[in-house]
Amino acid sequence: MAIRVSLLLITLLASTLPSFSLYEDQVGLVDWHQQYIGKPKCAVFHTQKAGRKRVIVATEENVVASVDLRHGELFWRHVLGEKDVIDHLDMALGKYVITLSSGGSILRAWNLPDGQMVWESFLTAGKPSKTLLLVAEKESLIFVYRDGHLHAVSSIDGSILWNLDLATESVEVQQLFQPDGGDVLYVVGLSSLSQLHTYQVGNGELLSHDVVKDSGGFSGGIALVSSETLVGLDATKSNLICLTLKDGKLSSQVVSIHDLVPDFSGPAVILPSKLEGGFALKFSTYVLFIRAVSEGILKLVGRVENAAAISGSLALTDESQAFGLVQHDGSKINLVVKHANDWENDLLKETIEMEPHHGLVEKVFLNNYFRTDRSNGFRALVVMEDHSLLLLQQGKIVWSREDGLASIVDVSTSELPLQKEGVSVAKVEHTLLEWLQGHILKLKGTLMLAGPEDVAAIQTLRLKSSGRSKMTRDRNGFRKLLIVLTKGGKLYALHTGDGHVVWSLLLPSLRKSDVCQHPIAVFMYQWQVPHHHVLDENPSVVIIGKCGLGIDDPVVLSFVDTFSGNLIESSSLGHSIVHVIPLPHTDSAERRLHLMIDSNKQAHLYPKTPEASLIFQNDVQNVYWYSVNIDNGIISGHALDRKCVVEEDDFCFTTRQLWSIVFPVDSEKIIAATARKSNEVVHTQAKSMGDRDVKYKYVSKNILFVATVAPKATGGVGSVGPDESWLVVYLIDTVTGRILHRMTHLGSQGPVHAVFSENWVVYHYFNLRAHRYEMSVIEIYDESRAENKDIWKLIVGKHNLTSAVSVYSRPEVVTMSQSYFFTHSVKTIEVTSTAKGITSKQLLIGTSGDQVLALDKRYLDPRRSTNPTQAEREEGIIPLTDSLPIISQSYVTHALKVEGLRDIITVPAKLESTTLVFAYGVDLFFTHLAPSRTYDSLTEDFSYALLLLTIVVLVAAIFATWILSERKELRDKWR
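All values derive from a computational prediction rather than experimental measurement.

Q: Could you clarify how one ought to interpret the overall build of the chain in this entry?
A: The helix and strand inventory of the chain stands at 8 helices and 64 strands. Expressed as a percentage of its 975 residues, the buried residues of the chain come to 50%. Considering only residue pairs separated by 6 or more positions, the chain has 50% of its internal contacts joining residues 24 or more positions apart.

Structure follows, in structure tokens:
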């Protein structure tokens, strides 16, 4: 009886062990999610007394969002499609946010308080052209011009009241305006023959069409100075053309800039900032402010040196206007607010200290408020060079947002510094009492006895005790730095523990300058990863930047220390870069060798040191790479030839073309090409089957997956019928150019998203015949080693493991493939990676709903069958179904969304069971993932107190059982 009681106690205690489910108090313990909006293009303030004070912004990432003016947090936001670019933003009826997007074809109204879409109108489709938006509050109308058509839309319900074709095929429309108190709408545009066209529209009818010829021509756009005056530049950019509207007619008058500014020199540009009654004329080093005094008369009212940004007009009263301008003064900026009609007196002048890593001010939006003494106060929303967003008020920065992280270009990782030895007792974080209290709380949580306050305390305790935000390495390899490069030319180091910014650097080589007007961040690679000199050297990365989109544009290399964020070196190259090959060699300083291919098919070795050249000499004949020319349908293989003779450079090599595959352009169009990661770890080449047989994976880093479709099927899904479309996939050896496998999917089309790992490739496409998405898998095996399965041959040495193998010999390979239906459309696919490659693989699928789904690779096993054998079941083969399962618990992002998802990055941790996952788009998301569960470690929420209690109870039960057993034996002897 005693034994039964003890066994029952053991069973009850064992049943209380924590499961692998995610509890409420575990949310945010190993993952984090950050929301951004991107670089604002336009902004509208809403600061009425009733309701929250907010600013509505539209950004370059196609986001419309409502931002709290007090703290910079988001009230709501909507991320539109990748091609749904926001052109204009305004407000109507005081309660609707109006957006015009997709080249002026979609007009939407959003409810101001909660961001719900009130209505949506689709305007007449046409070719892309300049779009104009005008909100007429008096008539509750919204006027939209696009591609020669003028639309009038009701701001109440979005219904299109009328549509007028102005037949402006050869006219580039510049302005759309309505004079004060009038019902007539004016459309003003320019033609290629130096003619100014004016259209008068009333109640949906064309009232008149006037043409004004100007022999000097026009340059650039036309600025609307007032409801009756427009100003433009002539073709020489030395004269201003003043256009005045009188009695429905436009008259022009030429004003020389030399008459306004005698020392005028250089080209002039009219700034787009809308200033009531005036305009700003920008030169290379200064800005002129000019007012239209009367008909055809312009007056210079001010000159500002080095003005960074100018806001539009802000209405203070019905008759009073103000505007703001920002000037840089070293590490400070000067914010000045001036009255539109009184240049001499400043309404506000403040100096704000700025951090240098934000760069220059690019845009400023001005808003006013009433102080306690009923005077006007001003706040400024500032967009910086690094795409960050700041609110300035009362001479200080109220809040800032690092919205440059919404436009990540490339991602790398870096280890953290080692933890220093010797920690004093005074620095111990928790006392014994705190330790006991913490474990008591965990025990209450495990036994489901914790209240809401206890749950909050457990969450706080876990975040505090986990040490996940420490700036040192941990033994499991969870704490790292994510080095991200953004479109704004800024480099960030994000801590994987909680996502906070450790350091940031605005790269000087990627900043706009007189030398380079359009710098672009292209690639980022690990440059130095110390292992033997980890205490002496810091890791570093190399950033490759270009000046422009052309392949021959100049290139700049920037080397950055990933521990401190300091710029080590920046150098301009004398050649272009179209391809970078990281080599598997390092020098004595553990700098990795890179081969950079220019547009002239020449290869350049970096770093340019004698040691690197000596190391590379032994590997010159083993370097191969490929190039894919999508436009011409050509895939080519290349190798190094000899050193460049003309340039007399020991680090320059000429190349030769080894092979090429030309796809017929009338039948196949390349839409996707994917290869294996160069740093992927494969644990074993052998794959053990359920029947005790062995298959050998064909593992090669020189295999390229290519997908082509019929030329008619390159459009969107459903743009062509199933009989006119086909998808062909290839596996190509990039050393020899040999096609290892070819397969055709009839009635299918792209887009194709693929991932290549070990000896298999998985790709996603659309099946037109089934009207569903599909995912297919191809596995490739090596048959040349089929004879090496006999253990006795290995023992006596009768095997061919040591026989010579040539890459040019025809490989004996066999492929296996299978296709499955899949519910979702896909944005990107990635595969988990671990330190040794032992853990089973999972596919990380970025769905069109901006979530990340983890799918076990076993579901995409080509050997699946409807009735697997007993041996196959023991191996883990899942019975065949026509569709891949979508399990709600398999979403890595849980209920969160990574809006605008672009890519997924996986990084192995030191623990073989765990991989680190980073997904980015407009949002950022990071988490740990254990595809085969954490079989090599205890979880962070493991209850040591419960384990101790279990041991104590077991010992007590054993002791009590022993006593009862002794007593029973004694009684039996006395009988």
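Past the structure itself, the notes keep going.
Q: I would appreciate a short explanation of the sheet that holds strand 11 (residues 141-146) in the present structure.
A: Backbone-to-backbone hydrogen bonds join strands into a sheet, with any given pair of strands oriented parallel or antiparallel. Here 4 strands make up an open sheet; going across it, the order is 10-11-12-13 and the pairing antiparallel. Among the strands making up the open sheet, the edge pair consists of strand 10 (132-136) and strand 13 (160-165). Across the sheet, the mean angle separating the axes of adjacent strands is 15 degrees when strand polarity is ignored. As paired elements, strand 12 (residues 149-154) and strand 13 share 5 bridges and run antiparallel to each other.

Q: How should the pattern of salt bridges be read in this particular structure?
A: Oppositely charged side chains are able to pair whenever their charged atoms sit close together. Evaluation of the coordinates by the stated rule reveals 27 salt bridges. The shortest N-O distance in the salt bridge between glutamate 724 and lysine 712 comes to 3.5 Å. Within this pair, whereas glutamate 724 is found in the loop between strand 52 (703-709) and strand 53 (726-733), its partner lysine 712 is found in the loop between strand 52 and strand 53, the two being separated by 12 residues in sequence. The exposure class assigned to glutamate 724 is partly exposed, which follows from its relative accessible area of 39%.

Q: Help me out: how do you make sense of the sheet that holds strand 64 (residues 924-929) in this one?
A: Here we have 4 strands laid out as an open sheet, ordered 1-64-63-62, and antiparallel in their pairing. Each having just a single partner strand, strand 1 (32-34) and strand 62 (903-908) make up the two edges of the open sheet. Neighbour-to-neighbour, the strand axes of this sheet turn through a mean angle of 15 degrees, independent of strand direction. For strand 63 (residues 915-920) and strand 64, the ladder comprises 6 bridges, and the chain directions are antiparallel. By the bridge assignment for strand 64, valine 917 is matched with threonine 927.

Q: What am I meant to see in the pairing of strand 38 (residues 501-506) here?
A: One face of the sheet, then the other: side chains in a regular strand alternate in exactly this way. As paired strands, strand 37 (residues 490-495) and strand 38 are joined by 5 bridges and run antiparallel to one another. Within strand 38, the position partnered with tyrosine 492 by the bridge is serine 504.

Q: Before we go on, may I ask you to explain the pairing of strand 60 (residues 842-847) in this structure?
A: Among the 6 residues that make up strand 60, 6 are buried, leaving the element largely enclosed by the rest of the structure. Every second residue of strand 60 is oriented toward a common face, with Gln842, Leu844 and Gly846 on one face and Leu843, Ile845 and Thr847 on the other, all of them buried. Two elements, strand 59 (residues 826-831) and strand 60, share 5 bridges in a ladder whose sense is antiparallel. Its bridge partner lying in strand 60, glutamate 830 is registered against leucine 844. Relative to strand 61 (residues 852-856), strand 60 runs antiparallel, the two sharing 5 bridges. Its bridge partner lying in strand 61, isoleucine 845 is registered against leucine 853.

Q: What is the right way to read the side chain of histidine 46 from this model?
A: Checked against the element boundaries, histidine 46 lands in strand 2 (residues 40-46). With residues up to four places along the chain from it excluded, the contact list for histidine 46 reads Arg52, Lys53, Arg54, Met91, Gly94 and Leu112.

Q: Where do I start with unusual backbone geometry in this structure?
A: Most peptide bonds are trans, and most residues other than glycine sit at a negative phi. Backbone torsion omega between tyrosine 606 and proline 607 reads 0 degrees, so that peptide bond is classified as cis. When you line up the elements, proline 607 lands in the loop between strand 45 (602-606) and helix 5 (610-617). The amide bond that connects glycine 750 to the next residue, proline 751, takes the cis arrangement and shows omega of 5 degrees. Secondary-structure assignment places proline 751 in strand 55 (residues 748-757). Although it is not a glycine, leucine 93 adopts a positive phi angle of roughly 60 degrees. Tracing the sequence through the fold places leucine 93 in the loop between strand 6 (86-92) and strand 7 (96-101). Its identity as a non-glycine residue notwithstanding, glutamate 590 has a phi of 60 degrees, on the positive side. Inspection of the secondary structure puts glutamate 590 in the loop between strand 43 (579-586) and strand 44 (592-597). On the basis of relative accessible area, glutamate 590 is assigned to the buried category, the value being 8%.

Q: Whenever I open this one, the packing of aromatic side chains confuses me. Can you help?
A: How two aromatic rings sit relative to each other is given by the distance of their centres and the angle of their planes. By the definition in use, this model includes 15 aromatic pairs. With a centroid separation of 5.6 Å and 10 degrees between ring planes, the pair formed by phenylalanine 177 and tyrosine 186 is classed as stacked. The exposure class assigned to phenylalanine 177 is buried, which follows from its relative accessible area of 3%. The class of tyrosine 186 is buried, set by a relative accessible area of 7%.

Q: How should I be thinking about the state of the cysteines in this particular structure?
A: In the structure shown here, the tally under the stated rule is 2 disulfides. One disulfide bridge connects cysteine 516 with cysteine 547, the sulfur atoms lying 2.2 Å from each other. Because the torsion about its S-S bond is 120 degrees, the bridge between cysteine 516 and cysteine 547 counts as right-handed. You can see cysteine 516 sitting in the loop between strand 38 and strand 39 (519-528) and its partner cysteine 547 sitting in strand 40 (residues 540-547), a full 31 residues away along the chain. Here cysteine 516 and cysteine 547 have matching classes, each one buried. The disulfide partner of cysteine 644 is cysteine 652, and the gap between their sulfur atoms is 2.1 Å. One quick way to see it: the torsion about the S-S bond of cysteine 644 and cysteine 652 is about -55 degrees, and its sign makes the bridge left-handed. The two residues cysteine 644 and cysteine 652 agree in class, both being buried.

About the thresholds
Residues numbered from 1 in each chain as written. Predicted model: local features only at pLDDT ≥ 70, side-chain atom pairs only at ≥ 80, totals over all residues. Heavy atoms only, no water. Helix = DSSP H or I, 4+ residues; strand = E, 2+ residues; numbered from the N terminus. Buried < 20%, exposed > 50% of the residue type's maximum accessible area, 1.4 Å probe, protein only. Contact = heavy atoms within 4.5 Å. Pairing = 2+ DSSP bridges. Axes fitted to C-alpha atoms, helices over the stretch in contact; angles between N-to-C directions. Salt bridge = Lys/Arg side-chain N within 4 Å of Asp/Glu carboxyl O. Phe/Tyr/Trp six-rings, centres within 6.5 Å; stacked < 30°, edge-to-face > 60°. Disulfide = S-S within 2.5 Å.

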